[in-house]
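Chains, contacts and geometry: an overview
These are the residues of each chain, in order.
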Amino acid sequence: MIIDFRKIPKEEFEIDVKEGEVSLKARVFKKKSNLLVCQGKISGTLEHHCDRCGAPLPVALDEAVEVWISDGAIPLEEEGHLLNLVEFFDGRVDFCAILHSEVEAIKSDYFYCQTCEN
Ligand SMILES: [Zn+2]
């Protein structure tokens, strides 16, 4: 799901994108002309594996997310409190790419199957 920044409506709107069995449902609104806020939830099942033994390990996700999205670089001092900022440099927002990077961030955590946890 890709939207041109200049076509982003003034009014809040909703997105719903999927990657495999994981979905991102969120509301998106304009903070400034070049800055969007995406607040929602990542839910579904992530096909993952145990980080110790490699056994398949589906991970149930139900996580609140807040992503700030900018059209080009924004000065950090201006939005210095932003922890989760995604910058796009081609004038378009790609919500699938945002979901993908959130999923990759979740995958970078460690997950252990029941056998390894005990
Ligand atoms: Zn294991």
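Because the structure is a prediction, the values reported are computed rather than measured.

What follows deals with the coordination of the zinc ion. For a metal bound by four donors in tetrahedral geometry, the ideal donor-metal-donor angle is 109.5 degrees, whereas six donors in octahedral geometry ideally sit at 90 or 180 degrees. Summarising the metal site, the zinc ion is bound by the protein donors Cys50 (SG), Cys53 (SG), Cys113 (SG) and Cys116 (SG), whose distances to it range over 2.3 Å. Given four donor atoms and angles of 106 to 114° at the metal, the environment of the zinc ion is assigned as tetrahedral.

Glancing now at the pattern of salt bridges. Under the counting rule described, the total for this entry stands at five salt bridges. Measuring nitrogen to oxygen at the nearest pair gives 2.5 Å for the salt bridge that ties arginine 27 to glutamate 12. Taken as a pair, arginine 27 in strand β3 (residues 22-32) and glutamate 12 in the loop between β1 (2-4) and β2 (13-19) lie far apart in primary sequence, 15 residues in all. Judged by relative accessible area, arginine 27 falls into the partly exposed class, the value being 32%. Overall, the relative accessible area of 44% leaves glutamate 12 in the partly exposed class. A salt bridge links aspartate 62 to lysine 41; the shortest N-O distance between them is 3.1 Å. Pair noted here: aspartate 62 is in strand β5 (residues 56-71) and lysine 41 is in strand β4 (residues 35-49), with a separation of 21 residues, a long-range link. Exposure remark for lysine 41: the relative accessible area of 40% places this residue in the partly exposed category.

Calculation rules
Starting afresh in each chain, residues are numbered from 1 along the sequence in its written order. Side-chain atom pairs in this predicted model are given and counted only at pLDDT of 80 or more, local residue features only at pLDDT of at least 70, and totals for whole chains, interfaces and linings cover all residues. Derived side-chain values reflect all non-hydrogen atoms in the structure, with water molecules and hydrogen atoms excluded from consideration. Because water is not among the atoms used, a metal site may look incomplete, as its donors are only the N, O and S atoms within 2.8 Å, or 3.2 Å for Na, K and Ca. In this scheme the shape depends on donor count and angles: four donors with every angle between 85 and 135 degrees give tetrahedral, four or six donors with opposite pairs above 155 degrees and others between 65 and 115 give square planar or octahedral in turn, and any other case is irregular. Put simply, a salt bridge is a Lys or Arg side-chain nitrogen that is within 4 Å of an Asp or Glu carboxyl oxygen. Elements are defined by DSSP. Helices are runs of H or I of four residues or more, strands are runs of E of two residues or more, and each kind is numbered from the N terminus. Any residue under 20% of the maximum accessible area for its type is buried, any over 50% is exposed, and the rest in between are partly exposed; the area is computed with a 1.4 Å probe on protein chains only.

All we've got here are geometric facts, nothing functional implied.
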